[in-house]
Amino acid sequence: MTTPSENESAAPSDFIRDAVAEDIRTGKRKQICTRFPPEPNGYLHIGHAKAICLNFGIAHEFGGVCNVRMDDTNPTKEEAEYVDSIMFDVHWLIDGWANKNLGRAPGFASDYFDQLYTYAVELVRKGKAYVCDMTPEETDEYRRLGKEGPFRNRSVDENLDFLARMKAGEFPDGARTLRAKIDMSAPNVWLRDPVLYRIRHAEHHQTGNKWCIYPMYDFAHTLSDYIEGITHSVCTLEFEVHRPLYEWLLEALELPAPRPHQYEFARLNINYTVMSKRKLMQLVNDGLVNGWDDPRMPTISGIRRRGMTASALRVFAYNIGITKYPSMTDVAVLEHTVREEFNRTSPRRLAVLRPIKVVITNYPEGQVEELDAVNNPEDPAGGSRKIPFSRELFIDSADFTETPPPKYFRLKPGSEVRLKYAYIIKCDEVVKDENGEVIELRCTADLESKSGGATSSRKIKGTIHWVSASQAIDAEVRLYDRLFTVAEPDGDFKTLLNPHSLEVVAAKCEPSLKDADSNVRYQFERLGYFALDPDSQPGKLVFNRTITLKDTWAKMEGRAPSRP
RNA sequence: UGCCUCGUAGUGUAAUGGUAGCACCAGAGAUUCUGGAUCUCUUUGUCAAGGUUCGAAUCCUUGCGAGGCAGCCA
């Protein structure tokens, strides 16, 4: 599987890659090194996938490496269990594409705590950092006002002493901080003596109880980048105002070149979903979805379980581009990307979601024919398979109506449709139960009209899918729709959930699906693309509908396209 | 409020002083044993006003609008 970004002629271009290319052209950089720095405090989502594809994409295209580095500087919020899920998702996403460009992984910012502390001491020695005794509230207040605090001009020796004692655990949480000594009147608040270290008597998932002081993001991240020889440190827009601090730290420590540079791009937003960790966490904790990997979630694990592929995600990341404009991407772009791939690659199968019985009255009882069915009309090498046909069949209830609207091409009383790969049938009689519900259709087949037969070229407007009743196998099919009813769920977003985002049906499938492969995405003809769910067990198939087919008929009817 | 960044069809993105393109979406038609796919066609755009220039989406000024930051979170 290739993605556009693997194709030389279609290599993506954006302002960050332009900068990388320029650095190589001028000889400023020989070896490119990027990094993906997740905080292990939650699951990765499709926004992270964009960042992963960008950072690994750059490494891949320019022959460099990309380090995955856990940004684990806050032990009170982070947990080891997330590290595994993050690495699993990263590997899944880059495997077969940029796994050769993966640097050391997983790495941890905490691997550098000793070195970082040395840098902190160095900063103090240079008179560029000091220990501050103000409370968090006071610190806030002074920074807002641009006022210098009373501890700002302690001597180097005093600062060294206090820092060592902070490290030694002499002070309680929050009692003191190490702060950069920059400029309390700077217009950019991140230059108003930002905190570099805080005291946290907390056990860290990697370093245990070794430390009771932990570096802040800016300090740890900047210097970890430097230590690893990162050339291009790519982050999202909200860190733009931190860039002067990033550069100040490298300069204050007089670190020899080459130094890393920070670039910022707009994070991904997609409509009809939410992307913030906080909101996703609420959906999970409130039981509004079935866990982080619920196929309706925009998490990588959810998307994977839904049946989308890493390659489709990579193409999507390529398609949406990289800019500094905070945009809202239409989920239709993702859906199109998935359909485009699956149309090319998915074997076709017949499955009936909401079965209604059909009896072919002029077809001999007990007779079973094996009919040829093409596996994939888009792929001549895909071959064909046999599907059984018999007197009793199931068709989808959506494919029959007694009260057809104009231009209805499917089955209706007294009218004909073609059964895909089989015969043209005519509906003679509608059998109902005592409640007036249709329970059976009695039809006659044009026995010469079998695909390839004498009257097979008769023009029949409608073609529907079906399965043979006695050979059909059962499957639970989970039909997913968008999670929210509004494009941009905000405010009380939990009241905006789509009540029809999950519907479970008992489907009848053609027998070959008995051996369904979890690595294969099947197209159930006329319905959509389906993937085996991990809940499947021998003898109990569970399929997730990854995405419907485009449905222009539904559109004409004014129905939601994904709700047949 | 201060500081930073960003404004190109409905959406997302190209054009790096020289013909405003592409994709998605939407609409029309052709075709079809998937109302799928495929093919053809169509609608719609440079936030505004000035300025520089032979020539401005691009450079300058002002205005307007949007987003971000102002945790001892990342």
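Our structure is the block above this text.
Reading the values: rules and limits
- Residues numbered from 1 in each chain as written.
- Chains lettered and ligands numbered in written order.
- Predicted model: local features only at pLDDT ≥ 70, side-chain atom pairs only at ≥ 80, totals over all residues.
- Heavy atoms only, no water.
- Salt bridge = Lys/Arg side-chain N within 4 Å of Asp/Glu carboxyl O.
- Helix = DSSP H or I, 4+ residues; strand = E, 2+ residues; numbered from the N terminus.
- Buried < 20%, exposed > 50% of the residue type's maximum accessible area, 1.4 Å probe, protein only.

J.: Sorry, what's going on with the pattern of salt bridges here?
T.: One side chain can pair with another of opposite charge once the charged atoms of both are near each other. All told, the structure shown has 49 salt bridges when counted by the stated rule. Two residues, Arg267 and Glu238, come together in a salt bridge whose shortest N-O distance is 3.1 Å. One end of the pair, Arg267, is in the loop between β9 (261-265) and α9 (277-285); the other, Glu238, is in the loop between β8 (232-236) and α8 (243-252), and 29 residues separate them in sequence. Classification of Glu238 as partly exposed rests on a relative accessible area of 40%. Residue Arg478 is joined to Glu476 by a salt bridge in which the shortest nitrogen-to-oxygen separation is 2.8 Å. Judged by relative accessible area, which is 13%, Arg478 ranks as buried. The network of salt bridges with shared partners includes Asp293, Arg305, Glu476, Arg478, Asp533, Asp535 and Lys540.

J.: Just checking my understanding: could you explain unusual backbone geometry for this structure?
T.: The general pattern is negative phi for most residues beyond glycine and trans for most peptide bonds. For the bond from Ala105 to Pro106, the omega torsion is -5°, close enough to zero to count as cis. Take Pro106: it is sitting in the loop between α3 (80-94) and β3 (107-108). The omega angle of the peptide bond from Ala257 to Pro258 is 0°, so this bond is cis rather than trans. The phi dihedral of Glu254 is positive, around 50°, even though this residue is not glycine. Note that Glu254 resides in the loop between α8 and β9. One non-glycine residue, Tyr272, lies in positive phi territory at about 65°. Note on placement: Tyr272 falls in the loop between β9 and α9.

That is the geometry; function is a separate question.
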